[in-house]
Amino acid sequence: MKVHLQTHVQTQALPLRSHAFLFSTPAKSFGSRKFTTKKGTFCLRQCNKSYGYGSSIKSSVTGGINEVQEEEDEKKEKRQPVVKRAYPFHVIEPKWQHYWEKNQTFRTPDEIDTSKPKFYVLDMFPYPSGAGLHVGHPLGYTATDILARFKRMQGYNVLHPMGWDAFGLPAEQYAIETGTHPKITTLRNINRFRSQLKSLGFSYDWDREIATTEPEYYKWTQWIFLQLLKRGLAYQAEVPVNWCPALGTVLANEEVIDGVSERGGHPVIRKPMRQWMLKITAYAERLLEDLDDLDWPDSVKEMQRNWIGRSEGAEMEFFVLDNDGRESDIKITVFTTRPDTIFGATYLVVAPEHFLLSSLVSTAQQKYVEQYKDLATRKSDLERTELQKEKTGVFSGCYARNPANGEAIPIWVADYVLGSYGTGAIMAVPAHDTRDHEFALKYDIPIRWVVSPDDKSPNDYGNAFPGQGTIINSSNSTLGLDINGLWSKEATAKVIEWAEKTGNGKKKVNYKLRDWLFARQRYWGEPIPVIFLDDSGETIPLLEKELPLTLPELEDFTPTGTGEPPLAKAASWIKTTDPSSGKPARRETNTMPQWAGSCWYYLRFMDPKNSKELVDKEKERYWSPVDVYVGGAEHAVLHLLYSRFWHKVLYDIGVVSTKEPFQCVINQGIILGEVQYMAFRNSDGNFISAEYADMLGESIQEKIPEEKVVKSGDSFVLKDNPKIRLVARAHKMSKSRGNVVNPDDVVSEYGADSLRLYEMFMGPFRDSKTWNTSGIEGVHRFLGRSWRLIVGLPSPNGTFMDGTVASDEEPTLEQLRSLHKCISKVTEEIEGTRFNTGISAMMEFINAAYKWDKQPRLIIEAFVLLLSPYAPHMAEELWFRLGHSRSLAYEPFPKANPVYLKNSTIVLPVQINGKTRGTIQVEEGCKEEDAFNLAAEDEKISRYLVGKAIKKRIYVPGKILNVILDRENIKVGAR
């Protein structure tokens, strides 16, 4: 059976200077080769100088060839040193990139056939840094490009866009350090990134390119903020924040490491500031529930569940006692997941930033509490809640009444309780909570057991018992609560019932998730579209018709040092008038965080030039949700959570039609820098083996070149001294480690297709792997072998002939089986994003094809189509050389024929004179003569046939071959 591949009628030639042409040339100049295709006989030549070399070559159809110019070019070529390459990627790749851009090959039209299936594949928005790409970045981009190309060839409408998350602190810091406006550096960085991405042949629809810094884009970011404000989901509050004086901005918790800023290592303090907040907690339950229906990694879903942190319990009220021991009007509300342990609460803890703290502190303790508060401001939330750290606190000098037993219990201030979680206060049960137990022991606070484990007495436990069990020591008839003898779960229900009846508390579902801090004290961000009236301070949202509110031009971006943002320096921009009342007003000087623009960009890609609405409803209904969203695991929580929150708000107001933005999320692994080998020297300068380095304490590390290292068992040792074991490590690529590999260098030496192929071949897509520049040579050789198989061997000067060596002969059964096995495997592995094993299947095919005498065109064309998602430049060139004048981007992807996937060989026993002497593998339906010839070629069986005369053969197809020898007649020459 033939492989049927759809082709298009050729109605136009490829553009001059961009592509090879179908025309005849004098043999002395370029050489020509006639070949036959389904479309007729052509004389094909390729002008390797046609792109970027300024040659004046014309088609014979349009006026012949400037032979004088050709001869001059030829003389120049002869004077140039010949660089022999595995294949001419240096010509092929820029040529086809130019073609794709000129012909807008990958543009997704605004008007499409919506009866066709859609495939929206998206990379997580990159931030265009000044450093440009390193080889780790293209890993995800190559994977999405393979999927996009594959789906186009399967007949899908594909949306595969690219844009830039371009606001943010790095650009502003660079502006401060260099005096360059962040707009200039951002545009420069974007141009650099775009150029690098284009050089790798990614099939993005560049017509849809967007950047969060464009007013036409952030107009709609501001519009979304106004919708949040209308619905009470955006508000201002006095909150403790991570304030970095050096950077002049508030930092998120994840931007603070060990008390300093992640960027620059500047000191960070906790400071109360009035900030804009987004009420993401209002959507906590929906954000949790809707995770179940998503095709996301289980680890990512679990991280989101933990971040949301749903817990069921109760809020309990503890009245503060005055100096006379009577209940005051002040009460402290605590949230607890263990109401069953309330009789064991022997003290309360409030966070240093608790809003009631000033009302709780006695005069005698005020000085100590203030000192403690100051120390707490210097710690991050992570440092404060770390389980391993020693617990610290200070007594407030005040007491509260335990509502269950009426006892007066002390109120302590401790930083292991956060003001941002729960109510900012806890009831401490030291017998049944590890942190409370450590704290109680340190400060000599009573410990009362109220839960007894079934298997042991409480006295057998040296530490806290946090588990469930039978309740003890938990009864007070005066206050009407007795839970002794109940199991923890039953006791919890009874305590909540009692609390709600007596007004001492209520059932409560709590979330660890906090409202989203949505303001930054920086210049380079989206302006917040509100004004404040001068006379009353009332917040007035801008009218939608006034959007976008654009950033003013500022020459001084430096922090004010007071907490006021840099925009406070734009005096004429700040002063404005309320259009409704005519009253004087001032603009908000905080800007939105970098997360804002990246929360909804996937929607804008669907309709990037719409000036009337965020996205056209019909386009959104067709393209939503994103089918595959690929990016790093570092965005598993915040970016995805914030995007989901905004999407649900937009769903509620009718802007989008789906509950979730991203149906499938894939996290690619990290590409680590090349392995570094470290040796150790002692104080005398002599090498010592790695296992002794720690024992000696003082040793000097030294980096060893790879050529001086050999592997010995599971370890690496010095080649010249195998007794010296080394430490081999691979680190994340960074400029500080000096292990960054620039993709431009790899493309220059091996070509973009080789880089793409290597990144996919390194290992499973989701796993981390180590870069090895020498490893790219293997896939480069594979591409070179593929090229030579189809084009032929190069001439002595390293150049290749035009056209291909493909023949028009019918493929054999063996060739069809080899091809369709490859088609099946490559298709299956692309769909499963197991790209490395798909490449292995193509390598196996090429190995098999090298054993064939002929390369049938039908087989070769199908293989080129299989290769095209992975190595698009080479595939396009080969497709053209096979006689096609249009891009293969929309050619149907080959389909495996099940007929050729069946294992149709059988094992046939071979007997000599009725005695089995061996077996051979034959095709089903194999003829007797073919079976006998295979037996005669078999090394083991042939020994019994050499020099013997055959009397007869008995052949039962599929069952047996019995060769009867004539014992009396020996062939001439036999002894």
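Conventions we followed
- Residues numbered from 1 in each chain as written.
- Predicted model: local features only at pLDDT ≥ 70, side-chain atom pairs only at ≥ 80, totals over all residues.
- Heavy atoms only, no water.
- Pairing = 2+ DSSP bridges.
- Helix = DSSP H or I, 4+ residues; strand = E, 2+ residues; numbered from the N terminus.
- Salt bridge = Lys/Arg side-chain N within 4 Å of Asp/Glu carboxyl O.
- Contact = heavy atoms within 4.5 Å.
- Polar contact = N/O pair within 3.5 Å; in protein donor to acceptor, adjacent residues only side chain to side chain.
- Core = buried A, V, L, I, M, F, W, Y, C linked by side-chain atoms within 4.5 Å.
- Buried < 20%, exposed > 50% of the residue type's maximum accessible area, 1.4 Å probe, protein only.
- Phe/Tyr/Trp six-rings, centres within 6.5 Å; stacked < 30°, edge-to-face > 60°.
- Lys NZ or Arg CZ within 6 Å of the ring centre and 35° of its normal.
- Axes fitted to C-alpha atoms, helices over the stretch in contact; angles between N-to-C directions.
- Arc of directions from axis to C-beta.
- pLDDT = per-residue confidence, 0-100.
- Parallel < 35°, antiparallel > 145°, perpendicular 65-115°, else oblique.
- Nonpolar A, V, L, I, M, F, W, Y, C, P; charged D, E, K, R; others polar.

Per an unreviewed UniProt entry, the protein chain carries the name leucine--tRNA ligase and comes from Carya illinoinensis.

Student: Which parts of the structure should I look at to understand the sheet that holds strand β12 (residues 269-278)?
Tutor: Hydrogen bonds between backbone groups are what pair the strands of a sheet, and the pairing can be parallel or antiparallel. Read across the open sheet, the 4 strands follow the order β9-β8-β12-β24; overall the sheet is antiparallel. Looking at the sheet topology across the chains shown, the edges are occupied by β9 (249-251) and β24 (516-517). Bridge count for strand β8 (residues 234-244) against β9 is 3 bridges, and the pairing is antiparallel. Paired with Trp243 across the strands is Val250, a residue of β9.

Student: I would appreciate a short explanation of the pattern of salt bridges in the present structure.
Tutor: Proximity of charged atoms lets side chains of opposite charge pair with each other. A complete count under the given rule lists 40 salt bridges for this structure. Across the pair Glu660 and Lys648 runs a salt bridge, and its minimum N-O distance is 2.9 Å. Within this pair, whereas Glu660 is found in the loop between α18 (638-652) and β30 (665-667), its partner Lys648 is found in helix α18, the two being separated by 12 residues in sequence. One salt bridge in this structure joins Glu929 and Arg953, with 2.8 Å as the shortest N-O distance.

Student: Would you mind going over the pairing of β8 with me for this structure?
Tutor: Consecutive residues of a regular strand have side chains that alternate between opposite faces of the sheet. The pairing of β8 with β12 spans 10 bridges and is antiparallel. The residue bridging Pro240 from the neighbouring strand is Pro272, located in β12. Taken together, β8 and the strand that follows it, β9, pair antiparallel across an intervening segment of 4 residues, in which Gly248 is found at a positive phi of about 70 degrees.

Student: I'm lost on the environment of Tyr235 in this one. Help?
Tutor: Tracing the chain through its elements places Tyr235 in strand β8. In this structure, Tyr235 is in contact with Gln275, Trp276, Met277, Lys279 and Asp515, ignoring residues within four places of it in sequence. Of note is the side chain of Tyr235, whose polar atom sits 2.5 Å from the side chain of Asp515.

Student: Whenever I open this one, the nonpolar core confuses me. Can you help?
Tutor: Generally speaking, nonpolar side chains in soluble globular proteins are found buried as a group. Trp771 and Met842 are the most contacted members of the largest nonpolar core, which totals 94 residues. Residues in contact with Met842, not counting those within four places in the same chain, are Phe782, Cys822, Val826, Phe863, Leu866, Leu867 and Tyr870. Grouped together as the second largest cluster of nonpolar side chains are 85 residues, Leu159, Leu567, Phe605 and Leu640 included.

Student: I'm lost on the packing of aromatic side chains in this one. Help?
Tutor: Where two aromatic rings form a pair, the distance of their centres and the angle of their planes describe that pair. A full pass over the atoms with the stated rule returns 46 aromatic pairs. Members of the aromatic cluster, joined through ring pairs, are Phe225, Trp276, Trp516, Phe518, Trp595, Tyr642 and Trp646. Positioned over the ring face of Trp206 is Lys198, at 5.5 Å from the centre of the ring. Here the basic side chain of Arg681 rests over the ring of Phe687, its NZ or CZ set 3.8 Å away from the ring centre.

Student: When you look at the environment of Arg448 in this model, what are you seeing that I'm missing?
Tutor: Positionally, Arg448 belongs in the loop between α12 (434-443) and β19 (451-452). As for Arg448 and Asn473, which are separated by 25 residues in sequence, their C-alpha atoms are 8.3 Å apart. Discounting chain neighbours no more than four positions away, the residues touching Arg448 are Phe343, Gly344, Thr346, Asn405, Glu407, Ala431 and His432. Polar side-chain contacts of Arg448 include one of 3.1 Å to the backbone oxygen of Phe343.

Student: How should I be thinking about unusual backbone geometry in this particular structure?
Tutor: Across the chain, the bulk of peptide bonds are trans and the bulk of non-glycine residues have phi less than zero. Cis geometry is found at the peptide bond from Leu547 to Pro548, where omega equals 0 degrees. The residue Pro548 is located in the loop between β26 (539-541) and α14 (571-574) in this model. For the bond running from Ser624 to Pro625, omega is -10 degrees, close enough to zero to count as cis. Structurally, Pro625 can be placed in the loop between α17 (617-623) and β29 (628-631).

Student: When you look at the sheet that holds β26 in this model, what are you seeing that I'm missing?
Tutor: Sheet architecture is open: 4 strands sit in the order β26-β25-β28-β27, paired in antiparallel fashion. Each having just a single partner strand, β26 and β27 (575-577) make up the two edges of the open sheet. Taken over all neighbouring pairs, the strand axes of this sheet differ in orientation by 45 degrees on average, direction set aside. As defined by bridge partners, β27 adjoins strand β28 (residues 584-587) across 3 bridges and the pair is classed as antiparallel. From the neighbouring strand, Thr577 faces β28, where its bridge partner is Pro584.

Student: So what exactly am I meant to see when it comes to the environment of Gly163 here?
Tutor: With respect to the helices, strands and loops of the structure, Gly163 is situated in strand β6 (residues 163-164). Along the chain, Gly163 and Tyr601 lie 438 residues apart, while their C-alpha atoms are 8.5 Å from each other. Excluding its chain neighbours within four sequence positions, the residues that come into contact with Gly163 are Phe125, Pro126, Ile210 and Phe605.

Student: In this structure, what is going on with helix α27 (residues 928-937)? I would like to understand it.
Tutor: Along α27, the residues that are buried comprise Ala931, Phe932 and Ala935. For α27, the angular spread of buried residues about the axis comes to 95 degrees, placing them on one side.

Student: Help me out: how do you make sense of the confidence of the model for the protein chain in this one?
Tutor: Predicted confidence across the protein chain gives a mean pLDDT of 86, with 88% of residues reaching 70 or more. Low pLDDT (under 50) marks residues 1-82, which in the prediction has 169 contacts with non-local residues, meaning those over four places away or in another chain. Below a pLDDT of 50 lies the segment residues 970-975, which in the model reaches 5 contacts outside its immediate sequence neighbourhood of four places, other chains included.

Student: Just to check I follow, could you spell out the packing of helix α2 (residues 89-103) against helix α26 (residues 872-881) for this structure?
Tutor: Two quantities define a packed helix pair, namely the angle between the helix axes and the distance between the axes. At a minimum axis distance of 9 Å, the contact between α2 and α26 shows a crossing angle of 85 degrees. Of the possible angle classes, the one that applies to α2 and α26 is roughly perpendicular. Where α2 abuts α26, its residues Ile92, Glu93, Lys95, Trp96, Gln97 and Trp100 lie against Pro872, His873, Met874, Glu876, Glu877 and Phe880. Its residues placed into classes, the contact of α2 with α26 shows 6 nonpolar, 2 polar and 4 charged.

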